[in-house]
Amino acid sequence: MPIRRFGGHRSLVSYSQATNLSYGYTKMNISRSGYRVFAANSSGVCTELAKKITERLGVELGKSVVYQESNSETRVDVKESVRGQDIFIIQTIPRDVNTAIMELLVMAYALKTSCAKNIIGVIPYFPYSKQCKMRKRGSIVCKLLASMLAKAGLTHLITMDLHQKEIQGFFTFPVDNLRASPYLIQYIQEEIPDYRNAIIVAKSPSAAKRAQSYAERLRLGLAVIHGEAQHSESDMADGRQSPPLSRTTSGHPGLELPLMMAKEKPPISVVGDVGGRIAIIVDDIIDDVEDFVAAAEILKERGAYKIYIMATHGLLSAEAPRLIEESAIDEVVVTNTVPHEVQKLQCPKIRTVDVSMILAEAIRRIHNGESMSYLFRNIAVDD
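Residues numbered from 1 in each chain as written. Predicted model: local features only at pLDDT ≥ 70, side-chain atom pairs only at ≥ 80, totals over all residues. Heavy atoms only, no water.

Whenever I open this one, the layout of surface pockets confuses me. Can you help?
Rolled over the atoms, a probe sized like a water molecule indicates the empty space that remains. Space inside the largest pocket adds up to approximately 1200 Å³. Lining the largest pocket are 36 residues, and of these Lys 203, Ser 204, Ser 206, Ala 207 and Asp 283 sit closest to its centre. (1 Å grid on protein atoms, 1.4 Å probe; cavity = no way out; pocket = protein on both sides within 12 Å on 5 of 7 lines; lining within 4 Å. Points joined across faces, edges and corners; volume = space filled by probe spheres on them.)

What follows is the structure in structure tokens.
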């Protein structure tokens, strides 16, 4: 073994050992496979879900400071080293959606520039998910947000019950779209007395697939609400049909297109018998509750004696708590993907189901490189 001499001292380290142990880099690479969990929100209500997740994982919440400067700019300071680690950023979306998005983007970019190995966003409710289709002279804002997250440094996303499953195609990195239905179904079985006398209701034909999934798992019947409330003639604005329909062509006289008839929904009807039964309306998001209140009134008229609403994301914007309290709805059950403590104080009918367990398990499995299929057992593509 060749021996190197430095001045009057004798080194017992070989050339190969000196290369492997140079400045301790090899040892650092071996021991850096940890992970940290950060919360991107600075308010106490929004970090509640993050604290529940870290308690289930048995780790401490990462040390960081997120705040707004006097000019309303977002600033993020990470208070510990994240080099070479898997970082999970938990971001719940409060009412100030755009501020929450900027907090997430700035934190992800700060962690990226701090040499984090992987940056996984845990966003239970993905914002702007309703703007996932092209509208007239509009844009697909959901795809824009997906591109911004990738540019900021995210390498993976954990979310829950996307408004449209096709949103996963907007991302250039893996997306795990978890489901809250097992927890909501468990709530129905344990907290609704005589749920065997219930019927699952879809408030529109577009929600029929989700309602069918609940009905099949609970072995219950299915009803679908179709149509819209009809207004009296006095409510219609004068000149509603003016100017009269006519064919006008500005181009070649031979290029006449068939006249397209405007869509008109029929009066509200309920397909299915709800008389003398518990009606359970299921959906993914409950935000503006006017449609739910109207559906509850129709179900009451058809003979339903109790009405529940089950949804994953309880945004409950504007006057939603007051409208629910004054309506025929008996109970609204949502998960804690979105903070809604203020709304619960305003309306005692709102109940919360905790989904922190499945989010914590998803974090653990992703970090350990385990299969995620266990979290999607018995879940079909259309669920």
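That was the structure; now back to the text.
For this particular structure, what's the right way to read the sheet that holds strand 16 (residues 350-353)?
One key point about sheets: their strands pair by backbone hydrogen bonds, in either a parallel or an antiparallel sense. Taken together, the seven strands give an open sheet; going across it, the order is 12-11-10-13-14-15-16, and neighbouring strands pair in mixed fashion. Only two strands of the sheet have a single partner each, and these edge strands are strand 12 (269-271) and strand 16. Across the sheet, the mean angle from the axis of one strand to that of its neighbour is 25°, orientation sign disregarded. In this structure, strand 14 (residues 306-314) lies alongside strand 15 (residues 331-335), joined through three bridges in parallel fashion. By the bridge assignment, Met 310 is partnered in strand 15 with Val 333. Set on the sheet, helix 6 (residues 181-191) makes contact with strand 13 (278-286), strand 14, strand 15 and strand 16; between it and strand 14 the angle comes to about 155°. Sheet strands touched by helix 8 (residues 290-301): strand 10 (198-202), strand 11 (221-226), strand 12, strand 13 and strand 14. Its angle to strand 13, the strand with the most contacts, is close to 170°. (Pairing = 2+ DSSP bridges. Helix = DSSP H or I, 4+ residues; strand = E, 2+ residues; numbered from the N terminus. Axes fitted to C-alpha atoms, helices over the stretch in contact; angles between N-to-C directions. Contact = heavy atoms within 4.5 Å.)

I'm lost on the packing of aromatic side chains in this one. Help?
The relative placement of two aromatic rings is captured by the distance of their centres and the angle of their planes. Here the structure, examined in full by the defined rule, presents three aromatic pairs. Taking the centre distance of 5.9 Å and the plane angle of 90° together, the rings of Tyr 35 and Phe 88 count as edge-to-face. Of this pair, Tyr 35 sits in strand 3 (residues 35-39) while Phe 88 sits in strand 6 (residues 86-90), and the two are 53 residues apart along the sequence. Just as Tyr 35 is buried, Phe 88 falls in that class too. A connected cluster of aromatic rings, assembled from ring pairs, spans Phe 126, Phe 171 and Phe 173. Here the guanidinium or amino end of Lys 203 rests over the ring plane of Phe 292, the centre of that ring lying 5.1 Å away. Directly above the aromatic system of Tyr 374 lies the positively charged group of Arg 377, at a separation of 4.3 Å from the ring centroid. (Phe/Tyr/Trp six-rings, centres within 6.5 Å; stacked < 30°, edge-to-face > 60°. Buried < 20%, exposed > 50% of the residue type's maximum accessible area, 1.4 Å probe, protein only. Lys NZ or Arg CZ within 6 Å of the ring centre and 35° of its normal.)

Looking at this structure, I do not really get the packing of helix 6 against helix 7 (residues 208-218). What am I missing?
Put simply, helix 6 and helix 7 touch, their axes get as near as 11 Å, and they point 50° apart. Here helix 6 lies oblique to helix 7, going by the angle between them. For the pair helix 6 and helix 7, the crossing hand works out as right-handed. For the pair helix 6 and helix 7, contact is made by Ser 181, Leu 184, Ile 185, Ile 188 and Gln 189 and by Tyr 214, Arg 217 and Leu 218, respectively. (Parallel < 35°, antiparallel > 145°, perpendicular 65-115°, else oblique. Left-handed = near helix turned anticlockwise from the far one by under 90°.)

Honestly, empty space enclosed by the protein in this entry has me stumped. Any pointers?
Counted under the stated rule, the structure contains two cavities of 30 Å³ or more. Lining the largest cavity, in full, are Asp 161, Arg 179, Ser 181, Arg 210, Ser 213, Tyr 214 and Asp 383. Ranked by the residues each element gives to the lining of the largest cavity, the list is headed by helix 7, at three residues. Considered as a void within the structure, the second largest cavity measures approximately 60 Å³ in volume. Looking at the second largest cavity, the residues that line it are Gln 91, Ile 93, Ala 100, Ile 101, Leu 104, Ile 123, Phe 126, Pro 127, Leu 145 and Leu 149. Sorting elements by how many residues they give to the lining of the second largest cavity places helix 4 (residues 97-113) first, with three residues. Grouping the constituent residues of the lining of the second largest cavity by class yields nine nonpolar, one polar and no charged. (Nonpolar A, V, L, I, M, F, W, Y, C, P; charged D, E, K, R; others polar.)

Mind showing me how you'd approach the pattern of salt bridges here?
Side chains that differ in charge, positive against negative, can pair when their charged atoms come close. Using the criterion set out here, one finds 13 salt bridges in the structure. With a closest N to O distance of 2.4 Å, Arg 75 and Glu 69 form a salt bridge. You can call Arg 75 partly exposed: its relative accessible area is 38%. Residue classification places Glu 69 among the partly exposed residues on the basis of a relative accessible area of 25%. Between Glu 331 and Arg 351 there is a salt bridge, with its nearest N and O atoms 3.8 Å apart. (Salt bridge = Lys/Arg side-chain N within 4 Å of Asp/Glu carboxyl O.)

Teacher, can you tell me more about the nonpolar core here?
Where a protein is soluble and globular, its nonpolar side chains tend to be buried together. By size, the foremost hydrophobic cluster in this structure holds 48 residues, and its most contacted members are Ile 158, Leu 178, Ile 200, Ile 280 and Leu 359. It is helix 11 (residues 356-368) that provides the largest number of residues to this core, a total of six residues. Shared between two domains, this core takes at least three residues from each, and those domains are domain 1 (33-177) and domain 2 (180-227 + 267-352). Setting aside its immediate chain neighbours within four residues, Ile 158 contacts Ile 120, Gly 121, Val 122, Ile 123, Pro 124, Asp 176, Leu 178, Leu 359, Ala 362, Ile 363 and Ile 366. (Core = buried A, V, L, I, M, F, W, Y, C linked by side-chain atoms within 4.5 Å. Domains from an automatic or database assignment.)

So what exactly am I meant to see when it comes to the pairing of strand 3 here?
Looking along a regular strand, one sees the side chains alternate between the two faces of the sheet. By the criterion of burial, strand 3 is predominantly enclosed, with five of the five residues buried. Here strand 3 shows no split at all, with Tyr 35, Val 37 and Ala 39 on one side and Arg 36 and Phe 38 on the other all buried. Inspection of the sheet shows strand 3 paired to strand 6 by five bridges, in the parallel sense. Pairing of Val 37 across the sheet is with Phe 88, part of strand 6.

What should I look at first to understand the packing of helix 3 (residues 48-57) against helix 11 in this one?
Each pair of packed helices gets described by two things: the angle between the helix axes and the distance between those axes. Where helix 3 contacts helix 11, the axes come no closer than 9 Å and their chain directions differ by 60°. Judged on the interaxial angle alone, helix 11 and helix 3 are oblique. By crossing handedness, the relation of helix 3 to helix 11 is classed as right-handed. Taking contact as the criterion, the partners of Leu 49, Lys 52, Ile 53, Arg 56 and Leu 57 in helix 3 are, on helix 11, Ser 356, Met 357, Leu 359, Ala 360, Ile 363 and Arg 364. Split into classes, the residues belonging to the contact of helix 3 with helix 11 amount to seven nonpolar, one polar and three charged.

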